[in-house]
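Chain by chain, the residues:
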Amino acid sequence: MAAFGTVFMPKMALTTFENNQWGQAQTVAADSIQLHPGAHVLHYSSTCFEGLKAFRHSDGSVHLFRMDQNVKRFAQSSRFLSLPAIDEAQVSKMIVDIVAQYAADVPLPPGSMYIRPTHIGTEGAIGKAAAPTLSSMLYVLLSPVGDYFAGGAKALRILLDETGMRCAPHMGMIKSGGNYASALGPILKAKAEVQADQILFCPNGDVQETGAANFLLIDGNEIITKGLDSSFLHGVTRSSILTLAADLGMTISERNLTVRELLERAAKPGVEAALSGTAAVLTPIGTFIHNGKEIKVGSGEAGPTTQKLRQALNDIQWGKAPDTHGWLTKVC
Ligand SMILES: *Cc1c(COP(=O)(O)O)cnc(C)c1O
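Residue positions are counted from 1 within each chain, in the order its sequence is given. pLDDT decides what is reported in this predicted model: residues at 70 or higher carry local features, side-chain atom pairs at 80 or more are listed and counted, and totals for whole chains, interfaces and linings draw on all residues regardless. The basis for the side-chain values is all heavy atoms of the structure; hydrogens and waters are excluded.

Considerations on the overall build of the protein
For helices the rule is a DSSP run of H or I covering at least 4 residues; for strands it is a run of E covering at least 2, with both sets numbered from the N terminus onward. Assigned secondary structure in the protein consists of seven helices and 17 strands. Here the C-alpha atoms of the protein give a radius of gyration of 20 Å, agreeing with the 20 Å that 2.2 N^0.38 yields for 332 residues. A principal-axis box enclosing the C-alpha atoms of the protein has dimensions of 60 × 50 × 35 Å. Classification of residues uses two cut-offs on accessible area relative to the type maximum, computed with a 1.4 Å probe and protein chains only: under 20% is buried, over 50% is exposed, and between them is partly exposed. A buried classification covers 54% of the 332 residues belonging to the protein. Residue contacts are counted whenever heavy atoms from the two residues lie within 4.5 Å of one another. For the protein, the proportion of contacts with a sequence separation of at least 24, taken over those separated by at least 6, is 71%. Each radius of gyration is computed over the set of C-alpha atoms, and the globule rule expresses the reference value as 2.2 Å times the number of residues to the power 0.38.

Here's the deal with the UniProt feature "modified residue: N6-(pyridoxal phosphate)lysine" (unreviewed entry) in the protein
UniProt positions are given in the numbering used here, feature names are shortened, and annotations may be inferred rather than shown by experiment. In the numbering adopted here, UniProt assigns the feature "modified residue: N6-(pyridoxal phosphate)lysine" (unreviewed entry) to Lys175. Here Lys175 lies in the loop between strand S9 (156–161) and helix H4 (177–194). You can call Lys175 buried: its relative accessible area is 13%. Look past the residues within four positions of Lys175 in its chain and what remains in contact with it is Thr47, Cys48, Phe49, Glu50, Gly51, Arg73, Ser77, Tyr180 and Leu233.

As for helix H5 (residues 236–247)
A helix's residues, less one, multiplied by 1.5 Å, set its expected span. With twelve residues, H5 should cover 16 Å at 1.5 Å per step; its first-to-last C-alpha distance of 17 Å lies within 8% of that length. Looking only at H5, the buried set comprises Val236, Thr237, Arg238, Ser240, Ile241, Leu242, Leu244 and Ala245. Following H5 by one or two positions, Gly249 adopts a phi angle in the positive range, close to 90°.

A few points about the site of the ligand
Taken together, 15 residues form the shell around the ligand, and within it Lys175, Tyr180, Glu209, Thr237 and Thr278 come nearest. The contact in question runs from an oxygen atom of the ligand to an N or O atom on the side chain of Thr237, over 2.7 Å. Any N or O atom pair separated by 3.5 Å or less is treated as a polar contact, with the protein-specific requirement of one donor-capable and one acceptor-capable atom, and with residues adjacent in sequence counted only for side-chain atom pairs. Thr278 has a polar side-chain atom sitting 2.6 Å from an oxygen atom of the ligand. According to the grid-proximity analysis, the pocket containing the ligand is the largest pocket. As a working rule, the residues Ala, Val, Leu, Ile, Met, Phe, Trp, Tyr, Cys and Pro are called nonpolar, Asp, Glu, Lys and Arg charged, and the rest polar, with Gly in that last group. For the shell around the ligand, the per-class residue count stands at five nonpolar, six polar and four charged. Here a residue counts as near a molecule or strand whenever at least one of its heavy atoms sits within 4 Å of it. Throughout, the protein atoms alone are placed on a 1 Å grid, and a set of points is a cavity if a 1.4 Å probe fits but cannot get out or a pocket if it is open with protein on both sides within 12 Å along at least five of seven lines; lining residues have an atom within 4 Å of a point. For a cavity or pocket, the test is whether more than half of a molecule's atoms lie within 2 Å of its grid points; if they do, the molecule sits there.

Here it is in structure tokens:
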């Protein structure tokens, strides 16, 4: 099976913003775009993206999961980056239409079609370090993906970092390219030095998130996760898991969590910790690494509540449980 995100459908949906307006959406080849070498995005990182999935149900129908949330966040990211305001209705239609065109290629569960809307500043103007791009390009790429957990859900090793930051604090809730480049140096260092899979960024002891996923602590009947503020990305998976956990009668505590409290709780038997995101849904954490010490979370293996919550979310996405929250959009 090819690595996640390396296979693309041959065509994508694309529109451009020029002369103060969006053009008509087109279906174009997905293997190249043309850009001026001085394009704003290449110099000043005016770029944001989204990640959502389409799922095939057993009756053959194809459904998007919470597209409205991703389109809203895409609009917000574009706004915070001073990119042209997106037309949410147009983008939603581009997503639905391109997925409909490739409906036959949407994999069966546990696979899905990963959808990557992308918005970039295209004005060729290298004097605009402190000015917004006047033109932009927005496209919707499709990538069929397999089972993220092929070979079993291996519990992750996570380094707790109290000194670094994932990105500038005012950029946390923006799904923008520069943030990932910003986190890469520390992540590669953690991989090389302590064989960590990811860093959980906890500036001044405040538990935030990893490079591309939100963090959840599960202690008995309670889920603890940081309350929404501008310092981290507001995941759609995070919000969906919290909703399903509340449906199951769990207590949801959205509040700040310190490294100290995290480590005190993690050492207790039966505690679980997990990362949430569209790509991997809910991934168990087996070990924290902190100041040279290794702390096992619960048994150190994937826990039952993490598995139950992931299954509850997958069941809705795969049409095996009723969509009581109206999260699915039928494409065809
Ligand atoms: C995309 C992303 C997430 C997860 O968001 P979902 O909407 O659940 O996919 C969390 N953190 C970061 C930094 C992200 O980029």
